[in-house]
Amino acid sequence: MSTLEFTKEQMVLADPMLPTWFRVQCVRRETHDTFTLDLACQDGGGRFSFAPGQFNMLYVFGVGEVPISISGDPATKEIVVHTIRAVGAVTRAMRNLKRGDQVGVRGPFGSAWPVKEAVGRDIVIVTGGIGLAPLRPAFYHVLAHRNDYNRVVLLYGARTRDDILYRDELKLWRGELDLEVEVTVDSSVGRWRGNVGVVTKFIPRAEFDPGNTTALICGPEVMMRFTIQALVDRGVETRDIHVSMERNMKCAVGFCGHCQYGSKFICKDGPVFRFSEIEDIFGIREL
Amino acid sequence: MNAASMNALLAEHPFFDGIPPQYLDLIASAASEARYERRELIFHEGDEASVFHVMRRGKVAIEIFTPDRGPVAIETINTGEVLGWSWLIEPHRWHFDAQAIEPTEVIAIDAGKIRESMAADSALSNELLRRFVPIIVGRLQATRMQLLDLYHVDT
């Protein structure tokens, strides 16, 4: 598993319960309620490695700690990127951070998207809302190793035109001749001339070979449920479908039990699961 | 376009995949090609649903006009899909507007002729309903998902 890469002097910081100090390099507004934080190790000596799909625990001093997926390029080791929706006290405090402010980072934690296992196959990424953020590192990886994969499909749904994440990158990716990138919004007024409707509508006609496809899904659970159904209807096996689950993660190392999901812990066994391994508990409402 | 060419065009459309040849011939006899430019209205809410379209190329917005917000797109119909099913259900009037948002090529099928044929041939009726009902159900489910406003979080 990828870990923080430290010099000998820094090794003391490798305790998973102990935050490492990072400094904010940049805060970028993405949409009205989301923003991206670029973080660098405070002393400049650390190189941060992670696998696509993993998350960090980000700590705003005096406010609290929250789990946030890493959303940057896994090939970039100097800057750690997180895209965050401001929904609670901690994330709202993060939105007010400025360049040079300190943030505590624990991580990376959790399982990863199976980008290596998917070599030689079609990749179908289906995502909605801020779910694009945890999938972006996997997409970066696929782009950087484009020849390792067959067809690559990215299907993204957002609430409205103004809620579309990473708009400039999506435009760039849509322009590539060897990628199929579709964007849709649930609701549209005015100047939007793109697709309107749910993201699952693309699945029946997207170009991929269901028998040789690895599907990666991240979004609200209801959206994932319908997406899985549409993929299965196309003939994709549940063992080839991977989902990123979200629960109330606290310790991030499987001690506290806050994120227990049946016999699993989201923080330690997930957040990325092969769907066939959680299929039996996925529909249980109480979990 | 002659009947054989129209037959071939229809046969390559996903909606007619596997349809018995005699029905394809019948539908081809009621079909014609049409093209709409960007922003051209294809049908208007309240008008008679006298035709339905299978999309060969392009993108169409299904819209409803609201006095305060203007036209609101509730769905887009793309290449390979079917545009319009109000022709199946009385009073055979469109419930929404349809506007091309890209140059769009369709095959327009005379709904009156098809309704007459369906009334006279229950097997044809079954064959077409078997194809239309999943589309209607799919759009109902999609609408429900849109109503859920899944991506909204109170901030």
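Residues numbered from 1 in each chain as written. Chains lettered and ligands numbered in written order. Predicted model: local features only at pLDDT ≥ 70, side-chain atom pairs only at ≥ 80, totals over all residues. Heavy atoms only, no water.

**A short note on the overall build of chain B**
- Helices and strands together make up the secondary structure of chain B, namely four helices and eight strands.
- Counting helices and strands in the order they occur from the N terminus, chain B gives α-α-β-β-β-β-β-β-β-β-α-α.
- Taking 155 residues into account, the globule formula puts the C-alpha radius of gyration at 15 Å, and chain B, at 16 Å, falls close to it.
- Along the longest, intermediate and shortest principal axes, the C-alpha atoms of chain B span 60 × 30 × 30 Å.
- Relative to its 155 residues, chain B shows a buried fraction of 47%.
- Partitioning the contacts of chain B with sequence separation of at least 6, the portion at a separation of at least 24 is 74%. (Helix = DSSP H or I, 4+ residues; strand = E, 2+ residues; numbered from the N terminus. Rg over C-alpha atoms; globule rule 2.2 N^0.38 Å. Buried < 20%, exposed > 50% of the residue type's maximum accessible area, 1.4 Å probe, protein only. Contact = heavy atoms within 4.5 Å.)

**With respect to the domain arrangement of chain A**
Residues and elements named next belong to chain A.
- Under the domain assignment used here, chain A contains domain 1 (5-109) and domain 2 (122-244).
- The straight-line distance from the C-alpha centre of domain 1 to that of domain 2 is 26 Å.
- In total, domain 1 and domain 2 occlude about 1,100 Å² of area from one another, counting both sides; carbon and sulfur atoms represent 62% of this.
- Looking at the side of domain 1 facing domain 2, the largest losses of area belong to T31, S71 and T83, adding up to 31% of the total buried there.
- Connecting domain 1 to domain 2 are zero salt bridges.
- Put simply, domain 1 and domain 2 have three residue pairs in polar contact (both at pLDDT 80 or more) between them.
- Listed by contribution, the elements that provide at least two residues to the side of domain 1 that touches domain 2 are strand 3 (34-41) and strand 7 (80-85).
- Take the side of domain 1 that touches domain 2: its biggest share by element is four residues, from strand 7.
- Classifying every residue of the side of domain 1 that touches domain 2 by side-chain character gives six nonpolar, nine polar and three charged. (Domains from an automatic or database assignment. Buried area = accessible area lost by both parts, 1.4 Å probe. Salt bridge = Lys/Arg side-chain N within 4 Å of Asp/Glu carboxyl O. Polar contact = N/O pair within 3.5 Å; in protein donor to acceptor, adjacent residues only side chain to side chain. Nonpolar A, V, L, I, M, F, W, Y, C, P; charged D, E, K, R; others polar.)

**Focus on helix 4 (residues 122-148) of chain B**
Residue and element names in this part refer to chain B.
- When the terminal C-alpha atoms of helix 4 are compared, their 38 Å separation across 27 residues agrees well with the 39 Å that a helix rising 1.5 Å per residue should span.
- The axis of helix 4 is deflected most strongly, by about 25°, at L129.
- For helix 4, the full list of buried residues reads L124, S125, E127, L128, R131, F132, I135, R139, A142, M145 and Q146.
- Where helix 4 begins, the capping side chain belongs to D121, and its oxygen is found 3.0 Å from the backbone nitrogen of A123.
- Where helix 4 terminates, the next one or two residues include D149, which has phi positive at roughly 55°. (Expected span 1.5 Å × (residues − 1). Bend = angle between axes of the 7 residues up to and from the residue.)

**Here's the deal with the interface of chain A and chain B**
- Between chain A and chain B, the residue contacts involve 27 residues of the former and 28 residues of the latter.
- For the chain A and chain B pair, buried surface summed over both sides reaches about 2,400 Å², with 54% attributable to carbon and sulfur atoms.
- Between chain A and chain B we count three salt bridges in total.
- Taking the shortest distance from any N to any O, the salt bridge between E81 of chain B and R205 of chain A comes out at 3.1 Å.
- Our count for the chain A to chain B interface comes out at 11 residue pairs in polar contact (both at pLDDT 80 or more).
- If you list the elements that add at least two residues to the side of chain A that touches chain B, you get strand 10 (152-158), strand 12 (188-189), strand 13 (195-196) and helix 4 (221-234) of chain A.
- When residues of the side of chain A that touches chain B are assigned to their parent elements, the largest contribution, three residues, is made by helix 4 of chain A.

**Focus on the packing of aromatic side chains**
- A full pass over the atoms with the stated rule returns 15 aromatic pairs over all chains.
- Consider the rings of F52 of chain B and F132 of chain B, whose centres lie 5.5 Å apart with planes at 80°: the pair is edge-to-face. Taken together, the residues F52 of chain B in strand 3 (residues 51-57) and F132 of chain B in helix 4 connect sequence positions 80 residues apart. This pair shows no difference in class: F52 of chain B is buried, exactly as F132 of chain B is.
- The structure contains a cluster of three or more aromatic residues connected by ring pairs, namely F15, F16, F52, W87 and F132 of chain B.
- The ring of Y166 of chain A has R136 of chain A sitting right over it, with the charged end atom 3.7 Å from the ring centre. (Phe/Tyr/Trp six-rings, centres within 6.5 Å; stacked < 30°, edge-to-face > 60°. Lys NZ or Arg CZ within 6 Å of the ring centre and 35° of its normal.)

**Let's talk about the sheet that holds strand 1 (residues 31-36) of chain B**
Residues and elements named next belong to chain B.
- Sheet architecture is open: four strands sit in the order 1-8-3-6, paired in antiparallel fashion. This sheet does not close on itself; its edge strands, each paired only once, are strand 1 and strand 6 (82-83).
- As judged from the two bridges shared by strand 3 and strand 6, these two strands associate in the antiparallel manner. Counted as the bridge partner of V54 is V82 from strand 6.
- Helix 3 (residues 111-120) contacts strand 3 and strand 8 (104-110) of the sheet and is inclined by roughly 45° relative to strand 8. (Pairing = 2+ DSSP bridges. Axes fitted to C-alpha atoms, helices over the stretch in contact; angles between N-to-C directions.)

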